[in-house]
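As a plain string of letters, each chain reads:
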Amino acid sequence: MTSSPSFELGPELEAFRDEVRAFAESRFAAKAAHWDEREEFPEENRRTLAGAGWLGLLIPQQYGGRGAPLIQSVLFVEEMARVCFNTTTICQIALHGPARAIAVLGTDEQKRRFLPGCAGGEHLFAISITEPGAGSATTDIETTARDDGDAFVVDGHKCYTTLGAQCTHTLVFARAPESRGARGIGALIVDARSPGVAIGEPDPKMGGRGAPECDVRFDRVRVPKENLLVPCDAKSSAGFRTLMAAFGPERVGNAAICVGLAQAAHERALAFVKERRQFGRPIEEFQGIQWKIADMATQIHAARLMVYRAATREKDGFPDPRDTTIAKLYANEMAQRVTNEALQIHGHRGYTRLYPLERLYRDARGYAVGGGTTEILRNTLAAIELGRSFDQRGG
Ligand SMILES: Cc1cc2nc3c(=O)[nH]c(=O)nc-3n(C[C@H](O)[C@H](O)[C@H](O)COP(=O)(O)OP(=O)(O)OC[C@H]3O[C@@H](n4cnc5c(N)ncnc54)[C@H](O)[C@@H]3O)c2cc1C
């Protein structure tokens, strides 16, 4: 008889969750609406996070981090999202973005050079994949990295780079000149202050308004060869596959953040239905409301279990692609439904900016697009389930 599977986090992780919850509530709750209303980047919170050592949660101890497993960083962003989404974006990128990829894929020299600064907050890494003509079709990117002696020369135009205006470095997906499709795609670490890097204006957007996206252009930017993270080999698509696997933690983190946003909305709804009275009694007395509460709880629970499973089943340093895809797909859509229902339960109050419901709804919306749209996730999952890939180009 094999041992039975555990569906509990266990006392240590529950204590960790309590610690993060108390930290997030005490430090970040008061100004959560402020960053959204003012569309201001919460730099003071980034410093607080760095000072407390949270930005290095996943980074190995020998490089200045805490060396925690993915389940801890996932719990961390879930709890942060329950309190302040804009501050969570800082954590999401710091924990699950390029630093994680460098920790797993980088050379020893790259780890020594970049990871302590990521943990300490001196570096802020963004990730630049998307281009105006290459969104879901990532393999259509046109940004090139040309070998030129001691450096690669990068030319291209990226868009929707989260924290592009704040970053010190960005991990740029680029291809070998003359290569096509998945072949030739690799990634380089580019210092955002390099000559030839031009940062655009922040995109005005619906949610996450304190953590904007923007264009980043590269005009003959010389990138030292030692900043190459994944080679751009014109003959091989291995680099692209590696990079997609490296994107896994970001997707699990994205799903966890959706759970945190939904949890916040659910808690608000639970309190409101006890306090709001109509027809002479609290609205929690109405079955129509009770069922909404029950449906919200069920969906949050399901998403949470999916996220924890994905976060605890790593292979070669990155989470299982099927678990990750399922968790993100479900959590992205769950968060939209739950925040929407919580808003509905609040009536007109929910529709005003005096309550956080409309903000939670707006913040949740973008995550069904960012990190891979729910349509593309369905394509990925269908290919896994059916055991074959489907050419989206109709060829
Ligand atoms: C909040 C947020 C943060 C982001 N941060 C970053 C970042 O830091 N760095 C970065 O590089 N990018 C970032 N992005 C960009 C994101 O990765 C892209 O928006 C996403 O990949 C979709 O690309 P697109 O917007 O060009 O939409 P398109 O690819 O043009 O898609 C338009 C619509 O068509 C659908 N569609 C496309 N192809 C198919 C298909 N084959 N089958 C079915 N439906 C399809 C899509 O699902 C979508 O609904 C961010 C986006 C958001 C919303």
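It should be noted that the structure appears before, not after, this text.
Fair warning: this is a prediction, and the values are worked out from it, not measured in the lab. (Residues numbered from 1 in each chain as written. Predicted model: local features only at pLDDT ≥ 70, side-chain atom pairs only at ≥ 80, totals over all residues. Heavy atoms only, no water.)

Asks: Before we move on, can you summarise the packing of helix α6 (residues 98–105) against helix α7 (residues 108–120) with the specific residues and values?
Replies: Remark: α6 packs on α7, axes separated minimally by 10 Å, with the N-to-C direction vectors making an angle of 150 degrees. Looking at the two axes, α6 sits roughly antiparallel to α7. Classified by chirality, the crossing of α7 by α6 is left-handed. Contact residues: Ala99, Ile102 and Ala103 in α6; Gln110, Lys111, Phe114, Leu115 and Cys118 in α7. Here the residues of the contact of α6 with α7 are counted per class, giving six nonpolar, one polar and one charged. (Axes fitted to C-alpha atoms, helices over the stretch in contact; angles between N-to-C directions. Helix = DSSP H or I, 4+ residues; strand = E, 2+ residues; numbered from the N terminus. Parallel < 35°, antiparallel > 145°, perpendicular 65-115°, else oblique. Left-handed = near helix turned anticlockwise from the far one by under 90°. Contact = heavy atoms within 4.5 Å. Nonpolar A, V, L, I, M, F, W, Y, C, P; charged D, E, K, R; others polar.)

Asks: Can you tell me about the site of the ligand, naming the residues and giving the values?
Replies: The local shell around the ligand holds 18 residues, among which Thr130, Ser136, Tyr160, Thr373 and Glu375 are the closest. Between the ligand and the protein, one listed contact pairs a nitrogen atom with a backbone N or O atom of tyrosine 160 at 3.2 Å. Within the contact set of the ligand, a nitrogen atom lies 3.2 Å away from a side-chain nitrogen or oxygen of asparagine 379. When the ligand is considered free in solution it has 980 Å² of accessible area, and contact with the protein chains removes 64% of it. Counting only elements with at least two residues in the shell around the ligand, the list comes to β1 (125–128), β3 (151–162) and α14 (374–386). Broken down by class, the residue content of the shell around the ligand amounts to five nonpolar, 11 polar and two charged. (Near = heavy atom within 4 Å. Polar contact = N/O pair within 3.5 Å; in protein donor to acceptor, adjacent residues only side chain to side chain. Areas by Shrake-Rupley, 256 points an atom, 1.4 Å probe, with all protein chains shown as cover.)

Asks: So, helix α5 (residues 85–96): which residues are in play, and what are the values?
Replies: Spanning 12 residues, α5 covers 15 Å between terminal C-alpha atoms, matching the ideal 16 Å at 1.5 Å per step. With respect to burial, α5 is a largely interior element, 12 of its 12 residues being buried. Turning to α5, its buried residues are Phe85, Asn86, Thr87, Thr88, Thr89, Ile90, Cys91, Gln92, Ile93, Ala94, Leu95 and His96. (Expected span 1.5 Å × (residues − 1). Buried < 20%, exposed > 50% of the residue type's maximum accessible area, 1.4 Å probe, protein only.)

Asks: I'd like a rundown of the pairing of strand β2 (residues 144–148), residues and numbers included.
Replies: Pairing of β2 with β3 involves five bridges; the strand directions are antiparallel. Within the sheet, the bridge partner assigned to alanine 145 lies in β3 and is valine 154. Adjacent in sequence and paired antiparallel, β2 and β3 are bridged by two residues, among which glycine 149 carries a positive phi angle near 70 degrees. (Pairing = 2+ DSSP bridges.)

Asks: How would you sum up the pattern of salt bridges? Please name residues and give values.
Replies: Enumeration according to the criterion identifies 31 salt bridges in this entry. Notably, a salt bridge pairs arginine 193 with aspartate 191, separated by 3.0 Å at the nearest N-O pair. Classification of aspartate 191 by relative accessible area gives partly exposed; the value is 25%. Note that glutamate 341 and lysine 292 form a salt bridge whose closest N and O atoms lie 3.3 Å from each other. (Salt bridge = Lys/Arg side-chain N within 4 Å of Asp/Glu carboxyl O.)

Asks: Run through the nonpolar core, naming residues and quoting values.
Replies: If you look at the biggest cluster of nonpolar residues, it comprises 74 residues, and the most contacted ones within it are Leu49, Trp54, Val74, Phe76, Val307 and Ile345. Ranked by the residues each element gives to this core, the list is headed by helix α9 (residues 248–275), at 13 residues. Here valine 74 is in contact with His96, Val252, Ala256, Val307, Tyr308 and Ala311, once residues within four sequence places are set aside. In terms of nonpolar packing, the next biggest core, distinct from the first, is built from 27 residues, Ala99, Ala103, Cys118 and Leu171 among them. (Core = buried A, V, L, I, M, F, W, Y, C linked by side-chain atoms within 4.5 Å.)

Asks: Talk me through the environment of phenylalanine 28; I want residue IDs and the actual numbers.
Replies: By secondary structure assignment, the location of phenylalanine 28 is in helix α1 (residues 11–28). Spatially, the C-alpha atom of phenylalanine 28 lies 9.6 Å from that of threonine 48, the residues being 20 residues apart in sequence. Residues within four places of phenylalanine 28 in sequence aside, it is in contact with Phe23, Asn45, Thr48, Leu49, Met80, Val83, Cys84 and Thr87.

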